[in-house]
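Inside the fold
So you can see what is in the structure, the chains are spelled out below.
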Amino acid sequence: MTDHPPVPNPDIPDGIAHDLPGKPTSASRTTLSHIMTANETNLLGTVHGGVIMKLVDDAAGAVAGRHSGGPAVTASMDEMAFLSPVRVGDLVHVHAQCNWTGRTSMEIGVRVMAERWNESTPAQQVGSAYLVFAAVDADGKPRAVPQVVPETERDKRRYQEAQIRRTHRLARRRAIMELREQSTAEGLDD
């Protein structure tokens, strides 16, 4: 892996860490695989959604740590979608990559695939999620992350989609804070 010099990108707002060498999407992409056992099932005999969410968080955390070059913590999980149930004996593959970077945060996209451990049929997508991680230093304070450098047309599309999700997250947060401030001003505290 070679470091890529900072790449001017008109889509990246001012104030983003341009001084760190950029990293290509492929530099931190990872896959975590796990075979599902009876210990991970719910009352319906399918794998607990929380088990899948933990695998998603683990894979995304590995990508965030690799991309940022150090510790990173989960800030949010968006749009966790369960498309099909996962069963005992399924071999689950959790594919994750860095889609977008800000100054100290990264969006990690995750795709969850499952296949029967004893069959040669192709894996099917059973879930997906988007997580935001914040890079932190030894004191738990935010630290700058390298800019992600999309390599393929798919990576570029994912980068643009991540910017849309970020805009929506920030607008939602702003609207909630304004509503809370209004409620407080009107004496309607929780």
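To be clear, the structure that these remarks concern was listed above.
With respect to the overall build of the protein
Along the protein, the regular secondary structure elements total two helices and seven strands. For the protein, the α and β elements follow one another from N to C terminus as β-β-α-β-β-β-β-β-α. Dimensions of the protein, computed from C-alpha atoms along their principal axes, come out at roughly 55 × 50 × 35 Å. The contacts of the protein with a sequence gap of at least 6 include a subset with a gap of at least 24, amounting to 70%. Of the charged side chains in the protein, 21 are positive and 24 negative; the average position of the first set lies 3 Å away from that of the second.

Looking at the layout of surface pockets
Roughly 340 Å³ of volume is contained in the largest pocket. Lining of the largest pocket is provided by 18 residues; of these, Gln97, Gly109, Val110, Arg111 and Arg158 occupy positions nearest its centre. Only strand S2 (30-35), strand S4 (90-101), strand S5 (105-116), strand S6 (124-135) and helix H2 (153-185) provide two or more residues apiece to the lining of the largest pocket. Partitioned by chemical class, the residues of the lining of the largest pocket number four nonpolar, eight polar and six charged. Within this model, the second largest pocket holds a volume of roughly 280 Å³. Residue lining of the second largest pocket: Ala75, Ser76, Asp78, Trp100, Ser105, Val132, Arg166, Arg169, Leu170, Arg172, Arg173 and Ile176, and that is the complete set. Elements that contribute at least two residues to the lining of the second largest pocket include exactly strand S3 (72-82) and H2. Tallied by class, the residues present in the lining of the second largest pocket amount to five nonpolar, two polar and five charged.

As for the nonpolar core
Here is a general trend for soluble globular proteins: nonpolar side chains tend to be buried in one another's company. Val56, Met106, Ile108 and Val110 are the most contacted members of the largest nonpolar core, which totals 31 residues. Going through the elements one at a time, helix H1 (49-68), S3, S4, S5, S6 and H2 are the ones with two or more residues in this core. Ranked by residue count, the leading element in this core is H1, at seven residues. If we ignore the near neighbours within four places in the chain, the residues touching Met106 are Ala64, His67, Ser68, Ala72, Cys98, Trp100, Thr101, Leu131, Val132, Phe133, Ala135 and Val145.

Details of the packing of aromatic side chains
Per the stated rule, a full pass over the model turns up zero aromatic pairs. Directly above the ring of Tyr130 sits Arg165, whose terminal nitrogen or CZ lies 3.5 Å from the centroid.

Focus on the pattern of salt bridges
All told, the structure shown has eight salt bridges when counted by the stated rule. Ionic pairing is found between Arg116 and Asp90, a salt bridge with its closest N-O pair at 2.6 Å. A residue pair is termed long-range when its members are at least 10 positions apart, and Arg116 in strand S5 and Asp90 in strand S4 qualify at 26 residues. One salt bridge connects Glu161 with Arg157, and the closest N-O pair in it is separated by 2.9 Å.

Considerations on the pairing of S5
In terms of burial, S5 is largely enclosed, as ten of its twelve residues are buried. Between S4 and S5, which follow one another and run antiparallel, lie three residues.

Some thoughts on the pairing of S4
In terms of burial, S4 is a largely internal element, ten of the twelve residues being buried. Relative to S4, S2 runs antiparallel, the two sharing six bridges. Note on S4: the bridge partner recorded for His34 is Val92. Where S4 meets S5, eleven bridges bridge the pair, whose relative direction is antiparallel. Counted as the bridge partner of His93 is Met113 from S5.

Reading the values: the criteria
- For every chain, the first residue of the written sequence is number 1, and numbering continues from 1 onward in sequence order.
- For this predicted model, a pLDDT threshold of at least 70 governs which residues receive local features, and a threshold of 80 or more governs which side-chain atom pairs are given and counted, while totals over whole chains, interfaces and linings are taken from all residues.
- Side-chain calculation: all heavy atoms of the structure are included, whereas hydrogens and water are not.
- Counting from the N terminus, the helices are the DSSP runs of H or I reaching at least four residues and the strands are the DSSP runs of E reaching at least two.
- By definition, residues are in contact when any of their heavy atoms lie within 4.5 Å.
- Under the convention used here, Asp and Glu are negative, Lys and Arg are positive, and both His and the chain ends fall outside the count.
- Here the site of a charge means NZ on Lys, CZ on Arg, CG on Asp, or CD on Glu.
- A 1.4 Å probe that fits but cannot get out identifies a cavity on a 1 Å grid over protein atoms alone, an open set with protein on both sides within 12 Å along at least five of seven lines counts as a pocket, and a residue lines either if it has an atom within 4 Å of a point.
- Grid points are joined across faces, edges and corners, and a volume is the space filled by probe spheres set on the points.
- Gly is put with the polar residues, along with every residue not named as nonpolar or charged; the nonpolar set is Ala, Val, Leu, Ile, Met, Phe, Trp, Tyr, Cys and Pro, and the charged set is Asp, Glu, Lys and Arg.
- The term nonpolar core refers to a set of buried residues drawn from Ala, Val, Leu, Ile, Met, Phe, Trp, Tyr and Cys, joined through side-chain atoms within 4.5 Å.
- A simple rule labels every residue: compare its accessible area, found with a 1.4 Å probe on the protein chains alone, to the largest value its type can have, and call it buried under 20%, exposed over 50%, or partly exposed in between.
- Classification of ring pairs rests on two measures: the distance between centres of Phe, Tyr or Trp rings, Trp counted by its six-membered ring, which must be within 6.5 Å, and the angle between planes, read as stacked under 30 degrees, edge-to-face over 60 and tilted in between.
- Charge over a ring is defined by NZ of Lys or CZ of Arg lying within 6 Å of the ring centre and within 35 degrees of the ring normal.
- What counts as a salt bridge is simple: a side-chain nitrogen of Lys or Arg found within 4 Å of a carboxyl oxygen of Asp or Glu.
- The rule for pairing is simple: two strands pair if DSSP sees at least two bridges between them.

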